Each structure stands twice: as C-alpha cells, then as structure tokens.
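# Examining the three-dimensional arrangement
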Amino acid sequence: MVSPTIDLLKNEVPLEQEAVVLAEDGVTGLVLVDIINGFCTVGSGNLAPREPNRQISGMINEAARLGRVFCEKKWPVIAFLDSHHPNKPEDPYPPHCISGTDESNLVPALQWLENEPNVTIRRKDCFDGYIGSIEDDGSNVFVDWVKNNQIKAILVVGVCTDICVLDFVCSTLSARNRGFLTPLKDVVVYSGGCATFDVPLQVARNTKVALAHPQEFMHHVGLYMAKGRGAIIANHVSVGGLKKP
C-alpha cells in the first residue's frame, strides 16, 4: 500500500523518468555504488537491514543483471566499496563497513565481479566515490578509469540513493561540467537499480539520535535531486543496436 505522503510528494515534485537504451557502438561504463554486505545483507552490521527488504533485493538483482551484460560485452565496470578505518568515524553514522571485515565486501550475488578483467574495484572511506577515488599523489582512480576507457556515459546503480549515490553523482556532474572528465557526457541513474534504507518516524522517535528516513520518500528525493543536478533518471535500461548516423 502506497502512503498518502508518498502520493503527495510525487504529485508536488513529479519525477520524469525515461527508458534508456545503451548503444552497442558507444562507450558506457557501469558504476556500482556500495552494494556490500554492510548496507544490503540482513544482519550484517549497524547499517545493514534488519529484515529482508524488497527495494534492496530488487536493486541487487538489477545490478547483477547489468553486471552480467557489461562483463559479457567487456564494457568497463567500476565498483565502489565502503571501507572504513576503525579509528576514523563517519559521523553521524555508527561504525560500519570496517576495512577487512565482510561488511565491506560485495554482496554474494556480486562477488564474482572481482574476478572479471573489465572490473575495477575501488575501496573508499567516505560517502562520495569521486572524492574517495583521490590518491595521496592527487590522482583520481575514477577520473583515470573514465579517461583510459574513453567513457562517454556512465550508468549508476547502488545504495543509498539519497546519500552515496547522490553525492557521487553530484561530484561527477560538477567535474564533468568543469571539463575534468572528458569525454564523459551523460550520467544516467537507474531508479530500479538504486535503493536506500528505511527508518520510519515511529522507530526514529524511539531510537536515540536516529533520524526518520522513510525509504520510498527518500528514494524519490534522491533521484529528484540527482535529476536537478543534470543526471538522466532511467526507469528502464536495455542494450540496443548501433546508433543511427
């Protein structure tokens, strides 16, 4: 049952989505954001779901489907994995996805990606994968991935829609607009391949320092904000034929 609040939100701030066809003759890269146990596998840490969640399960299934397509075609894939040092907290959240623990590893349905030659794994210690790709010498793993593969479009999936996905998308669009990511043109966020967490208001009121975070509401807001920054929001993604001249 859809909440009246969600209906009101979608009526007041409607989000136009589109079907996106990935051209065989283009260069599209797949970006997987934090599809790891600590955010997606029931009982796997402070920020993991407490019970099975349909939005998260759907996101994992779509990420796995797209991962198979990209790997079969040998198209570039980069996976960001939240991995924190135990002595460096990420306020306002409790300790999570500590480096070296299974929390910071890909969910079982995606672990096969680690053995694929077209996949780049980047462990990050902050919300934003763009910032988390900066090396000590000032180089950037994500920027190099785009340039080395001559990527013209990226397809973004993962968690959380309104946090790590949104932060990465905003930074990427700003960098693209500044000319730092040539030849990147399009940033596509696939709504069915994204998810966020759920903390209902009544739960937040009974939990110390917790903020209310209604899942469907914040998922919509995250996508809406990404579109407002210049991202393309897709509700369907498929692979098509050659582009017309």
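Residues numbered from 1 in each chain as written. Predicted model: local features only at pLDDT ≥ 70, side-chain atom pairs only at ≥ 80, totals over all residues. Heavy atoms only, no water.

In this section: the pattern of salt bridges. If you walk through the whole model with that rule in mind, you get five salt bridges. In this structure, the salt-bridge partner of Glu 24 is Lys 73, at a minimum N-O distance of 2.8 Å. Here Lys 73 lies in the loop between α3 (54–72) and β3 (77–82) and Glu 24 lies in the loop between β1 (18–22) and β2 (28–33), a separation of 49 residues in the sequence. Lys 73 sits in the partly exposed class, given a relative accessible area of 32%. The partner of Glu 62 in a salt bridge is Arg 65, and the shortest N-O contact between them spans 2.9 Å. Of this pair, Glu 62 and Arg 65 both sit in helix α3, three residues apart, roughly one helical turn. What makes Glu 62 buried here is its relative accessible area of 19%. When salt bridges that share partners are traced, they join Asp 34, Asp 82 and Lys 124 into one network. (Salt bridge = Lys/Arg side-chain N within 4 Å of Asp/Glu carboxyl O. Helix = DSSP H or I, 4+ residues; strand = E, 2+ residues; numbered from the N terminus. Buried < 20%, exposed > 50% of the residue type's maximum accessible area, 1.4 Å probe, protein only.)

This brings us to the pairing of strand β5 (residues 153–159). Counting buried residues along β5, seven of its seven residues qualify, which places the element largely inside the surrounding structure. A two-sided burial pattern is seen for β5, the buried positions comprising Ala 153, Leu 155, Val 157 and Val 159 on one face and Ile 154, Val 156 and Gly 158 on the other. Pairing geometry for β2 and β5, over six bridges, is parallel. Its bridge partner lying in β5, Leu 32 is registered against Val 157. Here six bridges tie β5 to strand β6 (residues 186–195), and the two strands are oriented parallel to one another. Among the inter-strand pairings, Ile 154 is bridged to a residue of β6, identified as Val 187. (Pairing = 2+ DSSP bridges.)

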